[in-house]
Amino acid sequence: LLTKDEGENVFFFNVLSAKLFRKTDDEKYEALMGTGFFYVDLSGYSYQANYNPVVNADLEIAGEMYYRIALKPILPYFYKKLVLLVSKKDLKPTRIDFHDRDGILFKSLNLKYGSIKIKEGAKVEDVDKASRWEMLDLNTGSITVWEIQEVDKSVTPDASLFAVDNLGR
């Protein structure tokens with residue numbers, strides 16, 4: 001999967017068929033390899049630039065207080081609405097509910113925070129970030145988990161790694 005220009009250009013190389021696909025318009029809203037994530041969800045697409053926030057109300061869950069924020073798309077496409085829960089305590093997003101074109105909730109992303117090792121040269125630092133993403137697909141009942149444990153900032157990938165022509169290598 002290669003994304004460029006803040007998710008505007010999405011490319012997928014299918015290893016089994018040895019074919020390159022450019023995902024456009026509706027295709028960005030297809031499941032990535034049978035997971036609960038759509039291509040657009042992992043593309044670097046900016047919610048801030050593409051949605052208008054509306055603070056709905058405060059919400060209490062298990063004794064913790066949250067802001068409930070509805071995100072309405074500036075240009076409606078596939079997601080009619082996103083509902084974001086943000087912890088009042090530390091202002092970290094904890095859940096995003098995705099609603100389809102008809103306004104029906106069809107998937108939910110839970111964000112779990114934990115320690116991620118950030119390496120930069122000889123320096124190693126533990127940083128508290130969203131380290132576990134759990135996407136629940138309500139249509140299939142499946143849960144897809146994406147975990148980040150370590151980031152090595154000292155690695156400088158060659159620019160050719162991000163060229164569309166090199167996806168098949």
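Residues numbered from 1 in each chain as written. Predicted model: local features only at pLDDT ≥ 70, side-chain atom pairs only at ≥ 80, totals over all residues. Heavy atoms only, no water.

Caption draft 1: Focus on the environment of Val 55. Secondary-structure assignment places Val 55 in strand 4 (residues 51–61). A relative accessible area of 56% places Val 55 in the exposed class. Val 55 sits 21 residues away from Pro 76 along the chain, and the two C-alpha atoms are 19 Å apart. In this structure, Val 55 is in contact with Arg 68 and Ile 69, ignoring residues within four places of it in sequence. (Helix = DSSP H or I, 4+ residues; strand = E, 2+ residues; numbered from the N terminus. Buried < 20%, exposed > 50% of the residue type's maximum accessible area, 1.4 Å probe, protein only. Contact = heavy atoms within 4.5 Å.)

Caption draft 2: The arrangement of the side chain of Lys 107 in detail. Within the fold, Lys 107 resides in strand 8 (residues 105–120). Looking at Lys 107, its side chain comes within polar contact range of the side chain of Asp 41, at 2.5 Å. Apart from residues no more than four positions distant in its own chain, Lys 107 is found in contact with Gly 36, Phe 37, Phe 38, Asp 41, Tyr 79, Ile 96, Asp 97, Phe 98, Met 135, Leu 136, Asp 137 and Leu 138. (Polar contact = N/O pair within 3.5 Å; in protein donor to acceptor, adjacent residues only side chain to side chain.)

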